[in-house]
Amino acid sequence: MHPTLAIEPSVFYFGTPIALLTTAKPGDATANITPISSAWALDDTYVLGLSNLGQAIHNLRRHGELVINLPDAGLSESIERIAKTTGAAEVPLAKRDQYGYEPDKWTLGGFTPRPSETVTPPRIAECPVQLEARVDAMTPLDEAGNATIVHAKVLRTHVHHALALPGTSHVDVDAWKPIYYTFRHYFSQGERVGVNFRAEH
Ligand SMILES: Cc1cc2nc3c(=O)[nH]c(=O)nc-3n(C[C@H](O)[C@H](O)[C@H](O)COP(=O)(O)O)c2cc1C
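Residues numbered from 1 in each chain as written. Predicted model: local features only at pLDDT ≥ 70, side-chain atom pairs only at ≥ 80, totals over all residues. Heavy atoms only, no water.

Things to note about the environment of A147
(1) Moving on: Structurally, A147 is set in strand β12 (residues 147-159).
(2) Moving on: Looking at A147, the relative accessible area reads 13%, which means it is buried.
(3) Moving on: Sequence separation between A147 and N52 is 95 residues; the distance between their C-alpha atoms is 4.8 Å. (Helix = DSSP H or I, 4+ residues; strand = E, 2+ residues; numbered from the N terminus. Buried < 20%, exposed > 50% of the residue type's maximum accessible area, 1.4 Å probe, protein only.)

Here you go:
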(Lines give C-alpha, C1' and ligand atoms only; values in the text may rest on other atoms or scores of the structure.)
Protein backbone atom coordinates (compact mmCIF):
# COMPACT_ATOMS: atom_id res chain seq x y z
CA MET A 1 0.00 0.00 0.00
CA HIS A 2 2.43 2.67 1.25
CA PRO A 3 5.89 1.08 1.25
CA THR A 4 8.44 3.05 3.32
CA LEU A 5 12.17 3.52 3.19
CA ALA A 6 14.39 4.12 6.25
CA ILE A 7 16.40 7.31 5.69
CA GLU A 8 18.90 9.20 7.84
CA PRO A 9 18.25 12.92 7.38
CA SER A 10 20.88 15.22 8.87
CA VAL A 11 18.15 17.57 10.07
CA PHE A 12 14.44 17.21 10.77
CA TYR A 13 13.37 20.50 9.26
CA PHE A 14 10.09 19.26 7.83
CA GLY A 15 8.71 22.78 7.94
CA THR A 16 8.06 25.27 10.73
CA PRO A 17 7.31 28.98 10.57
CA ILE A 18 10.28 31.31 10.88
CA ALA A 19 10.65 33.76 13.76
CA LEU A 20 13.08 36.67 14.00
CA LEU A 21 14.11 37.16 17.61
CA THR A 22 15.24 40.57 18.73
CA THR A 23 17.38 40.52 21.85
CA ALA A 24 19.34 43.22 23.62
CA LYS A 25 23.09 43.10 23.49
CA PRO A 26 24.50 44.06 26.87
CA GLY A 27 26.06 47.51 26.65
CA ASP A 28 25.19 47.96 22.97
CA ALA A 29 22.58 50.35 21.61
CA THR A 30 21.77 48.13 18.60
CA ALA A 31 19.66 45.06 19.29
CA ASN A 32 20.49 41.77 17.65
CA ILE A 33 18.25 39.89 15.19
CA THR A 34 18.31 36.07 15.12
CA PRO A 35 16.37 34.00 12.56
CA ILE A 36 15.07 30.75 14.03
CA SER A 37 12.62 28.07 13.01
CA SER A 38 12.60 25.98 16.19
CA ALA A 39 9.64 27.74 17.75
CA TRP A 40 6.12 26.78 18.77
CA ALA A 41 3.46 28.04 21.15
CA LEU A 42 1.11 26.56 23.73
CA ASP A 43 -1.25 28.93 25.53
CA ASP A 44 0.77 32.13 26.06
CA THR A 45 4.15 30.40 26.20
CA TYR A 46 6.51 30.20 23.24
CA VAL A 47 9.11 27.44 23.27
CA LEU A 48 12.30 28.28 21.39
CA GLY A 49 15.27 26.09 20.50
CA LEU A 50 18.51 28.08 20.49
CA SER A 51 22.06 27.02 19.74
CA ASN A 52 24.46 27.78 22.57
CA LEU A 53 26.89 29.19 19.98
CA GLY A 54 24.57 32.07 19.09
CA GLN A 55 24.41 35.62 20.39
CA ALA A 56 20.67 35.29 21.07
CA ILE A 57 21.04 32.82 23.93
CA HIS A 58 23.99 34.82 25.23
CA ASN A 59 21.82 37.94 25.36
CA LEU A 60 18.83 36.15 26.88
CA ARG A 61 20.94 34.71 29.71
CA ARG A 62 21.86 38.26 30.69
CA HIS A 63 18.65 40.04 29.87
CA GLY A 64 15.58 37.82 29.64
CA GLU A 65 13.50 39.99 27.35
CA LEU A 66 12.87 39.54 23.67
CA VAL A 67 10.51 40.12 20.80
CA ILE A 68 9.40 37.16 18.70
CA ASN A 69 8.80 38.79 15.33
CA LEU A 70 6.98 36.66 12.76
CA PRO A 71 7.95 37.57 9.18
CA ASP A 72 5.74 36.85 6.21
CA ALA A 73 6.69 35.24 2.93
CA GLY A 74 7.63 38.61 1.41
CA LEU A 75 10.61 38.90 3.75
CA SER A 76 12.55 35.83 2.59
CA GLU A 77 15.29 37.87 0.90
CA SER A 78 15.80 40.06 3.96
CA ILE A 79 16.07 36.95 6.13
CA GLU A 80 18.61 35.38 3.79
CA ARG A 81 20.68 38.59 3.76
CA ILE A 82 21.27 38.28 7.51
CA ALA A 83 21.40 34.47 7.53
CA LYS A 84 25.22 34.24 7.26
CA THR A 85 25.85 36.57 10.16
CA THR A 86 26.07 36.49 13.92
CA GLY A 87 25.90 39.24 16.48
CA ALA A 88 28.75 37.56 18.34
CA ALA A 89 31.81 39.81 17.92
CA GLU A 90 34.02 36.78 18.36
CA VAL A 91 32.56 34.35 15.84
CA PRO A 92 32.61 30.85 17.38
CA LEU A 93 35.25 28.64 15.79
CA ALA A 94 32.67 26.14 14.55
CA LYS A 95 30.93 28.91 12.54
CA ARG A 96 33.91 30.82 11.21
CA ASP A 97 34.03 29.22 7.77
CA GLN A 98 30.41 30.19 6.96
CA TYR A 99 29.43 33.12 9.19
CA GLY A 100 30.67 36.65 9.76
CA TYR A 101 30.16 39.13 12.57
CA GLU A 102 27.51 41.74 11.87
CA PRO A 103 26.82 44.36 14.54
CA ASP A 104 23.92 45.90 12.61
CA LYS A 105 21.66 43.28 11.06
CA TRP A 106 18.92 45.92 10.80
CA THR A 107 20.65 47.80 8.01
CA LEU A 108 21.91 44.62 6.32
CA GLY A 109 18.44 43.10 6.19
CA GLY A 110 16.56 46.35 5.55
CA PHE A 111 14.68 46.07 8.85
CA THR A 112 13.32 49.01 10.84
CA PRO A 113 13.29 49.07 14.66
CA ARG A 114 10.12 50.14 16.42
CA PRO A 115 10.12 50.62 20.22
CA SER A 116 8.43 47.87 22.23
CA GLU A 117 5.93 48.66 24.97
CA THR A 118 6.81 46.14 27.69
CA VAL A 119 10.37 45.01 26.91
CA THR A 120 13.69 46.63 25.98
CA PRO A 121 14.47 45.01 22.60
CA PRO A 122 12.69 46.75 19.71
CA ARG A 123 10.15 45.15 17.42
CA ILE A 124 10.78 44.70 13.69
CA ALA A 125 8.35 47.04 11.94
CA GLU A 126 8.25 44.99 8.72
CA CYS A 127 7.10 41.80 10.49
CA PRO A 128 3.29 41.54 10.48
CA VAL A 129 3.26 39.89 13.92
CA GLN A 130 5.38 41.06 16.86
CA LEU A 131 5.21 39.29 20.22
CA GLU A 132 6.86 40.98 23.18
CA ALA A 133 7.98 38.29 25.61
CA ARG A 134 9.89 37.50 28.79
CA VAL A 135 12.00 34.42 29.50
CA ASP A 136 10.36 32.20 32.13
CA ALA A 137 12.64 29.17 32.04
CA MET A 138 15.62 27.67 30.25
CA THR A 139 16.60 24.02 30.08
CA PRO A 140 19.43 22.26 28.22
CA LEU A 141 18.29 20.51 25.05
CA ASP A 142 20.81 17.70 25.39
CA GLU A 143 23.67 16.47 27.56
CA ALA A 144 26.21 17.64 25.00
CA GLY A 145 25.31 21.25 25.81
CA ASN A 146 24.73 22.23 22.19
CA ALA A 147 21.43 24.02 22.59
CA THR A 148 18.95 25.43 25.05
CA ILE A 149 15.17 25.28 25.23
CA VAL A 150 13.81 28.69 26.17
CA HIS A 151 10.30 29.18 27.54
CA ALA A 152 9.11 32.69 26.81
CA LYS A 153 5.84 34.13 28.09
CA VAL A 154 4.12 36.45 25.64
CA LEU A 155 3.38 39.81 27.27
CA ARG A 156 1.94 41.80 24.37
CA THR A 157 0.90 40.94 20.82
CA HIS A 158 1.01 43.44 17.96
CA VAL A 159 -0.21 42.79 14.43
CA HIS A 160 -0.25 44.93 11.30
CA HIS A 161 -3.66 46.51 10.76
CA ALA A 162 -4.17 44.38 7.66
CA LEU A 163 -4.15 41.22 9.81
CA ALA A 164 -6.59 42.33 12.49
CA LEU A 165 -10.25 41.44 12.11
CA PRO A 166 -12.06 44.66 13.12
CA GLY A 167 -13.49 44.69 16.63
CA THR A 168 -11.91 41.36 17.62
CA SER A 169 -8.54 39.96 18.72
CA HIS A 170 -8.67 37.45 15.88
CA VAL A 171 -6.06 37.30 13.14
CA ASP A 172 -7.40 37.28 9.60
CA VAL A 173 -6.17 33.89 8.44
CA ASP A 174 -6.67 34.85 4.81
CA ALA A 175 -4.38 37.87 5.18
CA TRP A 176 -1.64 36.18 7.24
CA LYS A 177 1.02 34.57 5.02
CA PRO A 178 3.62 32.94 7.29
CA ILE A 179 6.95 31.81 5.90
CA TYR A 180 8.10 28.24 6.50
CA TYR A 181 11.62 26.85 6.69
CA THR A 182 11.56 23.43 5.07
CA PHE A 183 14.91 21.65 4.75
CA ARG A 184 16.60 25.05 4.41
CA HIS A 185 14.24 26.27 1.70
CA TYR A 186 11.79 29.11 2.22
CA PHE A 187 8.13 28.36 1.50
CA SER A 188 4.98 30.40 1.78
CA GLN A 189 1.78 28.83 3.06
CA GLY A 190 -0.35 26.97 0.53
CA GLU A 191 -4.09 26.68 0.15
CA ARG A 192 -6.44 26.07 3.08
CA VAL A 193 -7.43 22.39 3.01
CA GLY A 194 -9.86 22.28 5.93
CA VAL A 195 -10.97 23.88 9.16
CA ASN A 196 -10.99 22.63 12.78
CA PHE A 197 -14.31 22.34 14.64
CA ARG A 198 -13.05 24.90 17.21
CA ALA A 199 -12.22 27.66 14.71
CA GLU A 200 -13.81 30.91 15.90
CA HIS A 201 -14.04 32.74 12.60
C1 LIG B 1 15.59 30.33 8.54
C2 LIG B 1 16.57 30.03 9.63
C3 LIG B 1 16.20 29.26 10.71
C4 LIG B 1 17.10 29.03 11.76
N5 LIG B 1 16.67 28.33 12.87
C6 LIG B 1 17.47 28.31 13.97
C7 LIG B 1 16.95 27.78 15.19
O8 LIG B 1 15.82 27.34 15.30
N9 LIG B 1 17.78 27.81 16.28
C10 LIG B 1 19.06 28.32 16.22
O11 LIG B 1 19.76 28.35 17.25
N12 LIG B 1 19.56 28.80 15.06
C13 LIG B 1 18.79 28.82 13.95
N14 LIG B 1 19.27 29.36 12.78
C15 LIG B 1 20.69 29.76 12.70
C16 LIG B 1 20.96 31.12 13.34
O17 LIG B 1 20.13 32.13 12.80
C18 LIG B 1 22.43 31.48 13.13
O19 LIG B 1 23.22 30.58 13.87
C20 LIG B 1 22.81 32.89 13.47
O21 LIG B 1 24.19 33.07 13.26
C22 LIG B 1 22.47 33.25 14.92
O23 LIG B 1 22.63 34.62 15.09
P24 LIG B 1 23.15 35.23 16.47
O25 LIG B 1 24.44 34.53 16.80
O26 LIG B 1 23.36 36.68 16.19
O27 LIG B 1 22.09 34.98 17.49
C28 LIG B 1 18.42 29.55 11.70
C29 LIG B 1 18.80 30.30 10.58
C30 LIG B 1 17.89 30.55 9.57
C31 LIG B 1 18.32 31.39 8.38
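Picking up after the structure, the text goes on.
Observations concerning the nonpolar core
(1) Moving on: Of all hydrophobic cores here, the largest spans 22 residues; its most connected members are Y46, L48, L50, L66, I68 and L70.
(2) Moving on: Counting residues per element, the ones that place at least two in this core are β2 (19-23), β5 (45-51), α1 (55-62), β6 (65-70), β11 (129-140) and β12.
(3) Moving on: Setting aside chain neighbours within four positions, we find Y46 in contact with A39, W40, A41, I68, L70, L131, V150, H151, A152 and V154.
(4) Moving on: Grouped together as the second largest cluster of nonpolar side chains are 13 residues, I18, L20, I82 and I124 included. (Core = buried A, V, L, I, M, F, W, Y, C linked by side-chain atoms within 4.5 Å. Contact = heavy atoms within 4.5 Å.)

Regarding the pattern of salt bridges
(1) Moving on: Under the counting rule described, the total for this entry stands at five salt bridges.
(2) Moving on: Among the salt bridges present, the one from E132 reaches R123, with a minimum N-O distance of 3.8 Å.
(3) Moving on: Since its relative accessible area comes to 7%, R123 is described here as buried.
(4) Moving on: Between R134 and D136 there is a salt bridge, with the nearest N and O atoms lying 3.2 Å from each other. (Salt bridge = Lys/Arg side-chain N within 4 Å of Asp/Glu carboxyl O.)

Let's talk about unusual backbone geometry
For residues that are not glycine, phi is negative in most cases, and the peptide bond is trans in most cases.
(1) Moving on: With a phi close to 50 degrees, D43 is a non-glycine residue in the positive phi region.
(2) Moving on: Tracing the backbone through its elements, the reader meets D43 in the loop between β4 (39-42) and β5.
(3) Moving on: The phi torsion at F183 lies on the positive side, around 45 degrees, for a residue other than glycine.
(4) Moving on: Mapped onto the elements, F183 comes out in the loop between β13 (179-182) and β14 (185-188).

What about the environment of H151?
(1) Moving on: Tracing the backbone through its elements, the reader meets H151 in strand β12.
(2) Moving on: A sequence separation of 103 residues divides H151 from L48, and the C-alpha atoms of the two residues are 6.5 Å apart.

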